[in-house]
Amino acid sequence: MKNILLILTGGTIGSCSRGGALSVRKEGSILLDLYNRVGKSEGISFDILRPLNILSENATAGDIIKIINTAAGADFNKYDGIVMTYGTDTLAYCANLAAMALHNSPVPVVFVAADKPPEEEGSNALANFSAAVDFISTEGLNGVYFSYRNPGEETKIHLASRVTQAAPVTGDFNSVANLHFGTVREGRFTLNTSPRNPTPERIKEKAGFPLPISQAPPKILYIKPTPYTDFGIYGLQITAAAAAVIELYHSGTGSAEGEASLAEFIKRCSARNIPAVLASYPYTDGRKYVTTEALEKAGGIFAYRMSPEAALAKTVAYFLGKKEISLAEYLARDLFYEIIE
């Protein structure tokens, strides 16, 4: 018998249609009902917790911390794994922070979400949930993952530290650098044997016991720049922030000329002792543009070879912890394979 803790938080996977609009169910779990109905629950026992019940677009930092602490407080000697239902809109942000905070979980914590409510025709809810349970039941790995099937694909298991925001228009989910961890087909997990993926043996080396994180989330300013961005408008906002995280262009660059540039913004942050995290720098061969050098000289802290979502999550996690090392050192420390080798 496998014992699984099911943590319900709402989202599309916990919703139904009311008057033409989707809203979270007030009680019960149609997802688990469907799973039992198709006869997949033999040999599986579920305990259910519902720490909150919201659409994920309404989630605050405090809500995400509450969800993570619910998992951190589980009896890891009782459960073989944890399944966490969550909404697609902010899934990547919650899953990445969970990967940092629960990176040493001794049992698998697997996020699941859905493109449509479970009862709606064509929904991938049951497939995603079933794959998560199969992964927990057969692999026995530790750490944090995400189970999701894009249209026309097999159900993939992603390392939660690598999952990125769903694609616009299609809503498809992927891992940074397309490095999904593996696939589940007919109840069997198959590892993606890319050399840039960790082996199960390496993952098991990280097993431990996570601790609850602080309930007081830091204020982080997140900026996704474009050629139209005037960084001068962030002068007032930055004074209240614990840090700023700026998503760089794919080459690890950002604007470095003029008063409206990212370089000048970083200088203003440095003058106020506010870290400016640059997400992220992709190269391993020492290659740098002159613009990149200007951002570094201005005082920017590079997050190397990880998704912007992971860089944001690590920055948040740093300020939720004891800060025993510098932010730059913390960003360089690989917590759960968020850094692509």
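Scoring rules and cut-offs
- Residues numbered from 1 in each chain as written.
- Predicted model: local features only at pLDDT ≥ 70, side-chain atom pairs only at ≥ 80, totals over all residues.
- Heavy atoms only, no water.
- Helix = DSSP H or I, 4+ residues; strand = E, 2+ residues; numbered from the N terminus.
- Rg over C-alpha atoms; globule rule 2.2 N^0.38 Å.
- Buried < 20%, exposed > 50% of the residue type's maximum accessible area, 1.4 Å probe, protein only.
- Contact = heavy atoms within 4.5 Å.
- Areas by Shrake-Rupley, 256 points an atom, 1.4 Å probe, with all protein chains shown as cover.
- Lys, Arg positive; Asp, Glu negative; His and termini not counted.
- Charge placed at Lys NZ, Arg CZ, Asp CG, Glu CD.
- Core = buried A, V, L, I, M, F, W, Y, C linked by side-chain atoms within 4.5 Å.
- Pairing = 2+ DSSP bridges.
- Axes fitted to C-alpha atoms, helices over the stretch in contact; angles between N-to-C directions.
- Salt bridge = Lys/Arg side-chain N within 4 Å of Asp/Glu carboxyl O.

Peer 1: Summarise the overall build of the chain; cite the residues concerned and give the values.
Peer 2: When its secondary structure is counted, the chain shows nine helices and 14 strands. Compactness check: the chain gives a C-alpha radius of gyration of 20 Å against a globular reference of 20 Å for 341 residues, within 12% of the reference. Overall, the C-alpha framework of the chain stretches about 65 × 50 × 40 Å when taken along its three principal axes. By residue count, 53% of the 341 residues in the chain fall in the buried class. Counting only contacts in the chain whose residues sit at least 6 apart along the sequence, the fraction spanning at least 24 positions is 69%. Summed over all atoms, the accessible surface of the chain reaches about 15,200 Å², with 50% contributed by carbon and sulfur. For the chain, the distance from the average site of its 32 positive side-chain charges to the average site of its 35 negative ones is 3 Å.

Peer 1: How would you summarise the side chain of Thr-90 if you had to cite specific residues and measurements?
Peer 2: Note that Thr-90 resides in the loop between strand S5 (81-85) and helix H3 (91-101). Take Thr-90: its relative accessible area is 16%, and that puts it in the buried class. For Thr-90, the residues in contact, after removing those within four places along its chain, are Ser-56, Glu-57, Ala-59 and Gln-165.

Peer 1: Give me the nonpolar core: which residues, what numbers.
Peer 2: If you look at the biggest cluster of nonpolar residues, it comprises 55 residues, and the most contacted ones within it are Ile-68, Ile-82, Leu-91, Leu-102, Phe-111, Val-144 and Phe-146. Ignoring anything within four residues of it in the chain, the contact list for Leu-102 reads Ile-68, Ala-71, Ala-72, Val-109, Val-144 and Pro-210. Core analysis: the next-biggest nonpolar cluster, separate from the first, contains 30 residues, Phe-46, Val-133, Phe-135 and Phe-336 among them.

Peer 1: Got a sec to walk through the sheet that holds strand S14 (residues 301-304)? Specific residues and values, please.
Peer 2: Read across the open sheet, the four strands follow the order S11-S12-S13-S14; overall the sheet is parallel. On the outer flanks of this sheet lie strand S11 (220-223) and S14, each paired with one strand and no other. In this sheet, neighbouring strand axes are inclined to one another by 25 degrees on average, regardless of whether the strands run parallel or antiparallel. Sheet topology places S11 next to strand S12 (residues 243-247); four bridges connect them, and they run parallel. Across the sheet, residue Leu-221 finds its bridge partner in S12, namely Ala-244.

Peer 1: I'd love a proper account of unusual backbone geometry, names of residues and values included.
Peer 2: Cis geometry is adopted by the peptide bond preceding Ser-280, which originates at Ala-279 and carries an omega value of -10 degrees. In the Ramachandran plot, Asn-273 falls in the positive-phi region, its phi being about 60 degrees despite a non-glycine side chain. Examined against the element boundaries, Asn-273 turns out to sit in the loop between helix H6 (262-271) and strand S13 (276-281). With a phi close to 55 degrees, Lys-323 is a non-glycine residue in the positive phi region. In this structure, Lys-323 sits in the loop between helix H8 (308-320) and helix H9 (327-332). For Lys-323, a relative accessible area of 42% corresponds to the partly exposed category.

Peer 1: Before we move on, could you go through the pattern of salt bridges and cite the residues and values that matter?
Peer 2: Tallied over the full model, the rule gives nine salt bridges. Here Asp-285 and Arg-287 are joined by a salt bridge, their closest N and O atoms 3.1 Å apart. Its relative accessible area of 51% is what places Asp-285 among the exposed residues. Here Glu-296 makes a salt bridge to Lys-288, at a shortest N to O gap of 2.8 Å. The exposure class of Glu-296 is partly exposed, given its relative accessible area of 34%. Exposure remark for Lys-288: the relative accessible area of 35% places this residue in the partly exposed category.

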